[in-house]
Amino acid sequence: MPSQLYDFVVVANRLPVDKVGTTDDGEPLYETSPGGLVTALAPVMRSQHGAWVGWAGAPDEAGDAFDSDGMHLVPVELSAQEIEDYYEGMANGTLWPLFHDVIAAPEYHRHWWDAYAKVNRRFAEAAAAQAAEGATVWVQDYQLLLVPMMLREQRPDLRIGFFNHIPFPGYEIFSQLPWRKRVVEGVLGADLVGFQRRSDATNFLRACRRAAGATTRGSHVHVGHGEGRRTVHAAPFPISIDARGFEALASDPAVIERAAQVRTELGDPDAILLGVDRLDYTKGIRHRLSTFKELLEDGALGDKRVVLVQVASPSRERVKAYADLRDEVELIVGRLNGDHGTVGWQPVHYLHQSFPRDEMAALYLAADAMLVTALRDGMNLVAKEYVAARHDDDGVLVLSEFAGAADELHQAVLVNPHDIDGTKGAIVEALGMPKAERRRRMRALRRRVREHDVERWARDFLGALQDGAHAHDEEPAG
Ligand code: G6P
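Residues numbered from 1 in each chain as written. Predicted model: local features only at pLDDT ≥ 70, side-chain atom pairs only at ≥ 80, totals over all residues. Heavy atoms only, no water.

Draft legend 1. Examining the site of the ligand more closely. All residues in the neighbourhood of the ligand are listed as Arg14, Tyr87, Trp96, Asp141, Tyr142, Gln143, His165, Ile166, Arg278 and Arg316. Contact distances for the ligand include 3.1 Å between an oxygen atom and a side-chain N or O atom of glutamine 143. Note that an oxygen atom of the ligand is positioned 2.9 Å from one of the side-chain N or O atoms of arginine 316. In the complex, the protein chains occlude 69% of the 370 Å² of accessible area that the ligand would expose alone. (Near = heavy atom within 4 Å. Polar contact = N/O pair within 3.5 Å; in protein donor to acceptor, adjacent residues only side chain to side chain. Areas by Shrake-Rupley, 256 points an atom, 1.4 Å probe, with all protein chains shown as cover.)

Printed below as a string of structure tokens:
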């Protein structure tokens, strides 16, 4: 038992840290990393005496719990085999593609499932060991779907929230999962289950009825019998970013100067298109490149010199679908530049790297149009970062209707990324949009993102969790 117990515990696959070295006696040394989730939760963690339970990102490395930036961080150890079966396998080879509408084929392996259940139990036990009597525990995302119920079985005194950061698929797709009943029952260990979009919550409610035989009323699920009867609330809580922080960063004179320099370094084109994604097949990078290729080939851009900057940050590189995608994308980029470049000019600038936040802010400021054309995406925070960065009220957001952000960012130019002609039209529209119209749209987008920032997301979710998860029940489940 740890000497101190915590009133607020976050459980996520990853700790919000990067390993920066090792101590003299071989213990890992970590530094807090500036992710969106930690930005949102750090103030709550500090004021409520919080602990964060998660994996430190490397095999066989746990080390002792430690305090960082007013948070208590508790590393969960994963062996190399568990990383293969739980993280690369069940989480990212089965659940990720399944929950993203089988854009890539999910694989179903029983030994992956066994590792997933075993690792979920380890996370649940670690959280249970940190939580004070009656504490609030907030479990994050698809890597930990079984944790809420495992936690409740050990600690019925806790108030448990679960937030699903990725889409929840329709039942016709979800029902492929051989362990669908156990997954639904795992999530139903929570008092409040949050989703990005209303449609995700609706899909989940249907899965509760179909896979677990639960009864639902509006957005409430009734589980258990007699004394053990409970009600679980499932509702949308769209996540956001630290909008003010991002705006402040993008307003830094050094960032503004860097944005101008980026334009010069790109050869002072007439227009810059920007894509920023993890290199993931859900992001629609191949479709985006094909669209751009056609635009170059059919002359729809007129005599404008247009470049596409595509940042594709390395991700899940040991999972085959990701390695294959990298090969395909790099082949397409190479061909496109080979066919359409000249000495000293290339239409696509492809960067398989991660950049610090200030460089990203400069790229956003430099981009005339931001292309967020995911085939399926829980939310897509890049879309919100672009908007927050544009303190000049300029730039156009081209946004996939299949990203959760489309439910909120109505003044974007919305596209179906499968429709190449439609997306081409949207890009041409974005690049030809009159300044007054760009300004009108961007101001409205900025207002939305400023008012619905990540702090509000955390406050709304935790508020609803405290309210006994019996908030207003608006719509009947579909
Ligand atoms: C998505 C998921 C997160 C995940 C992130 C990065 O945003 O919703 O849970 O942490 O991708 O992926 P990784 O596998 O590197 O943690």
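Next comes the rest of the account.
Draft legend 2. Molecular detail of the sheet that holds strand S9 (residues 192-195). Strand order in this open sheet of 10 strands is S5-S6-S4-S1-S7-S8-S9-S12-S11-S10, and the pairing throughout is mixed. Strands at the two margins of the open sheet, each flanked by one partner only, are strand S5 (66-68) and strand S10 (215-217). Averaged over all neighbouring strand pairs, the angle between strand axes comes to 25°, with direction disregarded. Both strand S7 (residues 131-140) and strand S8 (residues 159-163) contribute to a ladder of 5 bridges, which runs parallel. Within S8, the position partnered with tryptophan 138 by the bridge is glycine 161. (Pairing = 2+ DSSP bridges. Helix = DSSP H or I, 4+ residues; strand = E, 2+ residues; numbered from the N terminus. Axes fitted to C-alpha atoms, helices over the stretch in contact; angles between N-to-C directions.)

Draft legend 3. Seen up close, the pairing of strand S1 (residues 6-14). Most of S1 sits inside the fold, with 7 of its 9 residues counted as buried. For S1 and S7, the ladder comprises 5 bridges, and the chain directions are parallel. In the strand pairing of S7, phenylalanine 8 is matched with threonine 136. Inspection of the sheet shows S1 paired to strand S4 (residues 50-55) by 5 bridges, in the parallel sense. Note that in S4 the partner of valine 11 across the bridge is valine 53. (Buried < 20%, exposed > 50% of the residue type's maximum accessible area, 1.4 Å probe, protein only.)

Draft legend 4. Up close: a negative patch on the surface. On the surface, a cluster of negative charge is made up of Asp24, Asp25, Glu27 and Asp64. Here aspartate 25 is to be found in the loop between strand S2 (17-22) and strand S3 (28-32). (Patch = residues over 30% accessible without salt bridge, like charges linked within 9 Å, V, L, I, M, F, W, Y side chains within 5 Å. Salt bridge = Lys/Arg side-chain N within 4 Å of Asp/Glu carboxyl O. Lys, Arg positive; Asp, Glu negative; His and termini not counted. Charge placed at Lys NZ, Arg CZ, Asp CG, Glu CD.)

Draft legend 5. Structural context of the pairing of strand S14 (residues 306-313). Here S14 lies mainly inside the structure; 8 of its 8 residues are buried. Going residue by residue along S14, you find Val306, Leu308, Gln310 and Ala312 tucked away on one face and Val307, Val309, Val311 and Ser313 tucked away on the opposite face as well. Bridging between strand S13 (residues 271-278) and S14 involves 8 bridges; their strand directions are parallel. Each bridged residue has a counterpart across the sheet, and for isoleucine 272 the counterpart in S14 is valine 307. Crossover connection from S13 via helix H10 (residues 285-297) to parallel S14: handedness right-handed. Sheet analysis places S14 next to strand S15 (residues 348-351), joined by 4 bridges and oriented parallel. Across the sheet, the residue bridging to leucine 308 is valine 348, located in S15. The handedness of the S14 to S15 crossover, carried by helix H11 (residues 320-340), is right-handed. (Right-handed = clockwise from strand over helix to strand, strands pointing away.)

Draft legend 6. Focus on the side chain of glutamine 140. Inspection of the secondary structure assignment puts glutamine 140 in strand S7. A relative accessible area of 2% places glutamine 140 in the buried class. If sequence neighbours within four positions are ignored, glutamine 140 has contacts with Val10, Val11, Ala12, Leu37, Leu41, Phe162, Phe163, His165 and Trp457. (Contact = heavy atoms within 4.5 Å.)

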